[in-house]
Amino acid sequence: MNDADLWLIFIVIGLATTLPRASFIVLGNRVSLPGTVQRALRYAPAAALAAIVAPDLLVVGGQLAPLNAKLAAGLAAAASALRWRNPWLPFIVGMAVLHALRAWSG
């Protein structure tokens, strides 16, 4: 692979990531998305967050471990967030459960 091929790949990748994002800004209100797409896009942030967090909660040492301290802490944090709606409490509860389970297991 020579330098020209590498630069072409960089430019194509740059355009592929920039054009879809810029299209919403450039087109603005002139083009509207169908209602089903708009409803589906409301779940995109939650889906992205779940895709980032779930592997960290379920995988320990490269192996699937459905019963582990991180998962228990994540469930405790989620439960406290749903119950009390306090923005700081899930962090406190999750970390307390994680540290307690790690200290208890040795």
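Everything quoted here is computed from the prediction, not taken from an experiment.

## Digging into the overall build of the protein chain
- Counting its regular elements, the protein chain contains five helices and two strands.
- Listing every helix and strand of the protein chain by position from the N terminus yields α-α-α-β-β-α-α.
- A globule of 106 residues ought to have a C-alpha radius of gyration of about 13 Å, yet the protein chain, at 21 Å, is considerably larger.
- Structurally, the protein chain occupies a C-alpha span of about 55 × 45 × 20 Å along its principal axes.
- Buried residues in the protein chain amount to 9% of all 106 residues.
- Just so you have it, the protein chain exposes about 8800 Å², and 72% of that area is on carbon and sulfur atoms.

## Thoughts on the packing of aromatic side chains
- A full pass over the atoms with the stated rule returns two aromatic pairs.
- Pairing Trp7 with Phe10 gives two aromatic rings, centres 5.7 Å apart and planes at 90°, and the pair type is edge-to-face. With a gap of three residues between them, Trp7 and Phe10 both fall in helix H1 (residues 3-27), about one helical turn apart.
- For the ring pair Trp88 and Phe91, a centre distance of 6.2 Å and an interplane angle of 50° mean the geometry is tilted.
- Assessed through its relative accessible area of 61%, Trp88 is described here as exposed.

## A closer look at the environment of Ala65
- Mapped onto the secondary structure, Ala65 falls in the loop between strand S2 (63-64) and helix H4 (69-84).
- Separated by 20 residues in sequence, Ala65 and Pro45 place their C-alpha atoms 26 Å apart.
- Residue contacts for Ala65: discarding those within four places in its chain leaves Leu57, Leu58 and Val60.

## Describing the packing of H4 against helix H5 (residues 89-105)
- Their axes nearest at 8 Å, the elements H4 and H5 cross at an angle of 155°. When the interaxial angle is binned, H4 and H5 end up roughly antiparallel. Of the two elements, H4 crosses H5, and the hand of that crossing is right-handed. On the side of H4, the interface is formed by Ala69, Lys70, Ala72, Ala73, Ala76, Ala77, Ser80, Ala81 and Trp84, while H5 contributes Leu89, Pro90, Val93, Gly94, Val97, Leu98, Leu101 and Arg102.

## Details of the domain arrangement of the protein chain
- Domain parsing of the protein chain yields domain 1 (1-32) and domain 2 (39-105).
- For domain 1 versus domain 2, the separation of C-alpha centres amounts to 35 Å.

## Re the packing of helix H3 (residues 44-58) against H4
- Put simply, H3 and H4 touch, their axes get as near as 7 Å, and they point 135° apart. Classified by the interaxial angle, the pair formed by H3 and H4 is oblique. For the pair H3 and H4, contact is made by Asp56, Leu57 and Leu58 and by Lys70, Leu71 and Gly74, respectively.
- Grouping the constituent residues of the contact of H3 with H4 by class yields three nonpolar, one polar and two charged.

## Concerning H3
- Taking 1.5 Å per residue as the helical rise, H3 with its 15 residues ought to reach 21 Å, and the 21 Å between its terminal C-alpha atoms agrees with that figure.
- Of all the bends in H3, the largest measures some 25° and sits at Ile52, one to four residues before the proline Pro55.

Rules behind the numbers
Residues numbered from 1 in each chain as written. Predicted model: local features only at pLDDT ≥ 70, side-chain atom pairs only at ≥ 80, totals over all residues. Heavy atoms only, no water. Helix = DSSP H or I, 4+ residues; strand = E, 2+ residues; numbered from the N terminus. Rg over C-alpha atoms; globule rule 2.2 N^0.38 Å. Buried < 20%, exposed > 50% of the residue type's maximum accessible area, 1.4 Å probe, protein only. Areas by Shrake-Rupley, 256 points an atom, 1.4 Å probe, with all protein chains shown as cover. Phe/Tyr/Trp six-rings, centres within 6.5 Å; stacked < 30°, edge-to-face > 60°. Contact = heavy atoms within 4.5 Å. Axes fitted to C-alpha atoms, helices over the stretch in contact; angles between N-to-C directions. Parallel < 35°, antiparallel > 145°, perpendicular 65-115°, else oblique. Left-handed = near helix turned anticlockwise from the far one by under 90°. Domains from an automatic or database assignment. Nonpolar A, V, L, I, M, F, W, Y, C, P; charged D, E, K, R; others polar. Expected span 1.5 Å × (residues − 1). Bend = angle between axes of the 7 residues up to and from the residue.

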